[in-house]
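A structural walkthrough
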Amino acid sequence: PTIKGSSEADVAFVQGYLHARDRFFQMDYNLNIVEGRVSELVGQPGLATDVQLRTLGLYRAALAKWQAADDVVKGILQAYANGVNTWLGANPLPPEYAALDLTTVDPWTPQDTLSYAKLVAFGLSHDLDIDATITLGTYQGFGDALGFDGTALFFEDTHRSQPIDGRVSVPGFLDSIGGIGGAPAPASDKNQSSLQTTGGDASDNPVRIDETVLALAMEVREKFADIPVLAASLAPRETDKGSNEWAVSGDYTESGFPLVANDPHLSLDTPSVWHEANLVHEMGEDSFSIAGVIFPGMPGIIQGCNDSICWGSTVHPMDVSDVFADNVQRNALTLPTHTVHNGNPEPLQQIYQSYFFNVVGDGEPDNMVRAPVGIDAGGITFVSPRRNNGPVLAFSGDQALINQYTGWGPTGEVKFTRMAAKARNVEDFKAALQYFDVGSQNWIYGDVDGNIGYFTSAEIPLRADLAQGTVDGMVPPWIIRDGTGALNHEWLPVSNPQPGQAIPFEVLPYEEMPQIVNPPWGYIANANNDPVGTTLDNLSLIH
């Protein structure tokens, strides 16, 4: 569709109306997943999904995101929701609801849009460090029993970090910012081109996976493995989402203008994950048009072209999520009440949950039955303020696994889509990227002035030990980390806030993130590869 309006709110209203007309069941199903209410649609089989999604708390994060949004963004989100609800008020529900014995749905809200945006970003950026921890612990156990070095097998063989292809998107970038690495180093210089461990080498003082931590990791894997939206978080190496993008300078084209191509490889679903539109804003001197795609349930365009620029993206699997093994205090009911960090108890937030499921096939419409979920099986969600309001995933004795993730906070991706739509040049687009806080991407760019570019986006938390050039206790951040304070594993508190920063932790400054404009060789390409060569020397974090 082409949508013309005299304001951004008008266009968003019509886009919401058309998304509801074309895709409402898809929108509502995805929303119920992220809110932990899918069993209210499909019945009791959805309950396991609901428990885990309520535990994770993307809907809670969306509420924080709504509260932090500026008035203009709130107005656009409300206009979009009004469009969805206008269609709902004037039309019968899609036929899927009749098959599920449902005759009513809740009105769409701005927070619903933000919730689905959180789910999309989660699928592109979240990992739990669970599978790697279980593998390492299993190798160590069998190594102890059979007489081989399980730690060396893991770090030096099965989980070495060298990519299969040595080409990079931005060669020389690390050197340009005074960094170390980016190209193979001579053997004698190995220790200068990689992070250092503390406490000797792996053979002297190897990281050991605690038996309780290993059992808790296995419990989390069992909970997540059969839930499609969560299973990819367990083993991101095996479930990488791949896309392709490239740009060619106008110096090499017949027209003299750049070429930009983007092939985003998301799930091949029916209906498609994308909805295409041409949005025309007739606003006098502030007029602009933009064409491209967006996920149904959100206003605007996430990949496309306006009058001046074109852009696309691929997934950049940066590490923005850690699992910590925290010490906890528990009450007389054996439920955790506090984490203990450096000997100091810190209260956990407790959120009481109620679950309902739709009784499908009994002939009674809208028949919801309360599900009996125990207080220690999802009836209470435990949240740690220290961990960016991250959830307790599992607990046993005086230990718990807690997930710290940049996406649990009020991030600003909707503001990015609005700013990118209005961008006219490289600097405008880079300013918009400061609000694409989670769901890390490689961005490809071209404009009518002949420029091409590559940029990275997302807030990358700085770990205290890695910021000092060490891996404390020889526990890299893709293994479950220590949360007690015994090791220097915490995310650094923010002391140098960056433009548009959302999370309350120190992040990598934007100028130190991979990027380039108009490379002298005339082209840029990325297919989810290491963009600057940080892994090309084949050195693991422990050697």
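Residues numbered from 1 in each chain as written. Predicted model: local features only at pLDDT ≥ 70, side-chain atom pairs only at ≥ 80, totals over all residues. Heavy atoms only, no water.

1. Some thoughts on helix H15 (residues 426-433)
Quick reminder: α-helices carry 3.6 residues per turn. Residues three or four places apart thus point the same way. Within H15, the full set of buried residues consists of Val-426, Phe-429, Lys-430, Ala-432 and Leu-433. Around the axis of H15, the buried residues are gathered within 155° of arc, so they sit on the same side. Looking at the buried positions of H15, the neighbouring elements they touch are strand S8 (309-315), helix H14 (413-422), strand S18 (441-447), strand S19 (452-457) and strand S22 (515-517). The backbone nitrogen of Glu-427 has a side-chain oxygen 3.2 Å away, supplied by the residue at the start of H15, namely Asn-425. (Buried < 20%, exposed > 50% of the residue type's maximum accessible area, 1.4 Å probe, protein only. Helix = DSSP H or I, 4+ residues; strand = E, 2+ residues; numbered from the N terminus. Arc of directions from axis to C-beta. Contact = heavy atoms within 4.5 Å. Polar contact = N/O pair within 3.5 Å; in protein donor to acceptor, adjacent residues only side chain to side chain.)

2. Comments concerning the state of the cysteines
Using the criterion set out here, one finds one disulfide in the structure. Between Cys-305 and Cys-310 runs a disulfide, and the two sulfur atoms are separated by 2.0 Å. Torsion about the S-S bond of the Cys-305 and Cys-310 cystine: about 110°, corresponding to right-handed handedness. The exposure class of Cys-305 is partly exposed, given its relative accessible area of 32%. (Disulfide = S-S within 2.5 Å.)

3. Overview of the environment of Phe-148
By the secondary structure assignment, Phe-148 is in the loop between helix H8 (130-146) and helix H9 (150-158). The partly exposed category is assigned to Phe-148, whose relative accessible area is 36%. With residues near it in sequence (within four places) discarded, Phe-148 still touches Tyr-139, Phe-142, Gly-143 and Leu-153.

4. Side note on the side chain of Lys-118
As for its position among the elements, Lys-118 is in helix H7 (residues 110-125). Within the structure, the side chain of Lys-118 is placed 2.7 Å from the backbone oxygen of Gly-407, a separation counted as a polar contact. Within polar-contact distance, the side chain of Lys-118 engages the backbone oxygen of Gly-409 at 2.6 Å. Ignoring sequence-local partners within four residues, the contact set of Lys-118 consists of Leu-58, Ala-61, Ala-62, Lys-65, Gly-407, Gly-409 and Thr-411.

5. Focus on unusual backbone geometry
Here the residue pair Thr-270 and Pro-271 is connected by a cis peptide bond, since its omega of 0° sits within 30 degrees of zero. Turning to its location among the elements, Pro-271 is positioned in the loop between strand S4 (259-263) and strand S5 (275-281). Here the phi dihedral of Ala-458 falls at roughly 135°; this positive angle occurs in a residue that is not glycine. Within the secondary structure, Ala-458 is located in the loop between S19 and helix H16 (464-467). Residue Ala-458 is classed as buried on the basis of its relative accessible area, which comes to 10%.

6. Some thoughts on the pairing of strand S1 (residues 2-5)
Only one face of S1 is covered, namely the one carrying Ile-3 and Gly-5; the face carrying Thr-2 and Lys-4 has none of its residues buried. Of the strand pairs in this sheet, S1 and S5 are connected by four bridges, and their pairing is parallel. What sits directly across from Lys-4, in S5, is Val-280. (Pairing = 2+ DSSP bridges.)

7. Quick notes on the sheet that holds strand S23 (residues 523-526)
A sheet is described by the order of its strands in space; here three strands give the open sequence S4-S3-S23, paired in antiparallel fashion. Edge positions in the open sheet fall to S4 and S23, since each of these has one partner strand only. Across this sheet, the average inter-strand angle for adjacent strands is 0°, counted without regard to direction. Relative to S23, strand S3 (residues 244-248) is paired through four bridges, and the arrangement is antiparallel. Counted as the bridge partner of Val-248 is Tyr-523 from S23. (Axes fitted to C-alpha atoms, helices over the stretch in contact; angles between N-to-C directions.)

8. With respect to the nonpolar core
Formed by 97 residues in total, the largest nonpolar core has its most connected members in Ile-130, Leu-401, Phe-416 and Phe-429. Sorting elements by how many residues they give to this core places helix H1 (residues 8-35) first, with 10 residues. One finds Ile-444, Ile-452, Ile-516 and Val-532 within the second-largest nonpolar core, a separate group that totals 10 residues. (Core = buried A, V, L, I, M, F, W, Y, C linked by side-chain atoms within 4.5 Å.)

9. As for the sheet that holds S8
Hydrogen bonding along the main chain pairs the strands of a sheet, whether they run parallel or antiparallel. A sheet is described by the order of its strands in space; here eight strands give the open sequence S1-S5-S6-S7-S8-S18-S19-S22, paired in mixed fashion. Strands at the two margins of the open sheet, each flanked by one partner only, are S1 and S22. With strand direction ignored, the average angle separating the axes of adjacent strands in the sheet is 20°. Of the strands in this sheet, S1, S5 and strand S6 (288-294) touch H1, which is tilted by about 160° from S5.

10. Structural notes on the confidence of the model for the protein
Averaged over the protein, the pLDDT score is 90; the fraction of residues at 70 or greater is 92%. For the protein, the element scoring lowest by mean pLDDT is strand S2 (residues 196-197), at 48; S1 scores highest, at 98. Confidence drops under a pLDDT of 50 for residues 183-204, and excluding neighbours within four residues, the segment shows 42 contacts in the predicted structure. (pLDDT = per-residue confidence, 0-100.)

11. Section: the pattern of salt bridges
Following the criterion strictly, the structure yields 18 salt bridges and no others. For the salt bridge of Glu-8 with Lys-422, the shortest nitrogen-to-oxygen distance reads 2.9 Å. In this pair, Glu-8 is assigned in helix H1 and Lys-422 in helix H14, connecting sequence segments 414 residues apart. Ionic pairing is found between Glu-413 and Lys-65, a salt bridge with its closest N-O pair at 2.6 Å. (Salt bridge = Lys/Arg side-chain N within 4 Å of Asp/Glu carboxyl O.)

12. Some thoughts on the environment of Gly-304
Looking at the element boundaries, Gly-304 is found in strand S7 (residues 303-306). Sequence separation between Gly-304 and Glu-276 is 28 residues; the distance between their C-alpha atoms is 9.5 Å. Residues in contact with Gly-304, not counting those within four places in the same chain, are Ala-291, Gly-292, Ile-309, Cys-310 and Trp-311.

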